[in-house]
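Structure at a glance
Here is what each chain is made of, one letter per residue.
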Amino acid sequence: MRTLCASTLIGEFFVIGFAGLVAMKEPDLSTATVWTVCGILMALSVLLCGMITRPGGVQLGWALQILLIAGGFVVPSMFVLGVAFAVLWWASVHYGRKIDEAKARFAAQAQSQPSAQAEPDGTPA
């Protein structure tokens, strides 16, 4: 799960940065405001990469998805991008957990099966 979620978060890092560039063209917003908000969200997306497997990591990821969608009120294209990344986030969490469960199941099966050691001539011991 960690790899899939981290990949989504790094993609969001770049999208937030590009959205900041677009938001700078808004005459009502100061450059400092745009980059303070974008900087916090970009830092959050990178920090979340390391927090995914910790308690509350996935929930913080969902909070970031909501903030990205809400960014559509400033940069309208963020409505579409925010929803797209929310779907990617769901898929990363959902399928990442399934992959982790399958890995654990295969590891348990490998440990429960005794390894048959063969003699140098190829016959079982």
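Heads up: the structure comes first, above all this text.
Read on for an overview of the structure. (Residues numbered from 1 in each chain as written. Predicted model: local features only at pLDDT ≥ 70, side-chain atom pairs only at ≥ 80, totals over all residues. Heavy atoms only, no water.)

1. Here's the deal with the overall build of the protein
Helix and strand counts for the protein come out as four helices and zero strands. Reading the protein from its N terminus to its C terminus gives the helix and strand order α-α-α-α. In terms of overall dimensions, the protein is more spread out than a globule: its C-alpha atoms have a radius of gyration of 22 Å, far above the 14 Å expected for 125 residues. For the protein, the spread of C-alpha atoms along the principal axes amounts to about 80 × 25 × 25 Å. Of all intrachain contacts in the protein linking residues separated by at least 6 positions in sequence, the fraction that spans at least 24 positions is 62%. Carbon together with sulfur atoms contributes 69% to the accessible area of the protein, which is approximately 8100 Å² in total. (Helix = DSSP H or I, 4+ residues; strand = E, 2+ residues; numbered from the N terminus. Rg over C-alpha atoms; globule rule 2.2 N^0.38 Å. Contact = heavy atoms within 4.5 Å. Areas by Shrake-Rupley, 256 points an atom, 1.4 Å probe, with all protein chains shown as cover.)

2. Considerations on the layout of surface pockets
Its volume calculated, the largest pocket comes out at about 320 Å³. Along the wall of the largest pocket there are 17 residues; nearest its centre are V37, C38, L41, G71 and V74. Secondary-structure elements contributing two or more residues to the lining of the largest pocket are α1 (2-23), α2 (31-51) and α3 (57-70). Tallied by class, residues from the lining of the largest pocket come to 14 nonpolar, three polar and no charged. (1 Å grid on protein atoms, 1.4 Å probe; cavity = no way out; pocket = protein on both sides within 12 Å on 5 of 7 lines; lining within 4 Å. Points joined across faces, edges and corners; volume = space filled by probe spheres on them. Nonpolar A, V, L, I, M, F, W, Y, C, P; charged D, E, K, R; others polar.)

3. Some details on α1
Taking 1.5 Å per residue, 22 residues should reach 32 Å; α1 reaches 31 Å between its end C-alpha atoms and fits that length. Within α1, burial applies to C5, A6, T8, L9, E12, V15, I16, G17, A19, G20 and A23. Next to the buried residues of α1 lie α2, α3 and α4 (77-112). (Expected span 1.5 Å × (residues − 1). Buried < 20%, exposed > 50% of the residue type's maximum accessible area, 1.4 Å probe, protein only.)

4. Brief notes about the packing of aromatic side chains
Scanning the model with the defined rule gives three aromatic pairs in all. When the centroid spacing of 5.1 Å and the interplanar angle of 85° are considered together, the rings of F73 and F79 count as edge-to-face. Residue class for F73 comes out exposed when judged on its relative accessible area of 71%. Overall, the relative accessible area of 33% leaves F79 in the partly exposed class. Across from the ring centre of F106, 5.9 Å away, lies the NZ or CZ of R105, which sits over that ring. (Phe/Tyr/Trp six-rings, centres within 6.5 Å; stacked < 30°, edge-to-face > 60°. Lys NZ or Arg CZ within 6 Å of the ring centre and 35° of its normal.)

5. Points about the packing of α1 against α2
At a closest axis distance of 8 Å, the pairing of α1 and α2 adopts a crossing angle of 170°. Judged by the inter-axis angle, α1 sits roughly antiparallel to α2. Where α1 abuts α2, its residues R2, A6, L9, I10, F13, I16, G17, G20, L21 and A23 lie against V34, W35, C38, L41, M42, S45, V46, L48, C49 and G50. Class assignment of the residues belonging to the contact of α1 with α2 gives a composition of 15 nonpolar, four polar and one charged. (Axes fitted to C-alpha atoms, helices over the stretch in contact; angles between N-to-C directions. Parallel < 35°, antiparallel > 145°, perpendicular 65-115°, else oblique.)

6. Points about a nonpolar patch on the surface
A cluster of nonpolar side chains, contributed by I10, F14, F18, L21, M24, W35 and V46, occupies part of the molecular surface with about 640 Å² of accessible area. Residue assignment for the nonpolar patch shows that the elements contributing at least two residues are α1 and α2. If one sorts the elements of the nonpolar patch by residue count, α1 sits on top with four residues. Among the structural elements, W35 can be located in helix α2. Among the residues examined, W35 registers a relative accessible area of 31% and is labelled partly exposed. (Patch = residues over 30% accessible without salt bridge, like charges linked within 9 Å, V, L, I, M, F, W, Y side chains within 5 Å. Salt bridge = Lys/Arg side-chain N within 4 Å of Asp/Glu carboxyl O.)

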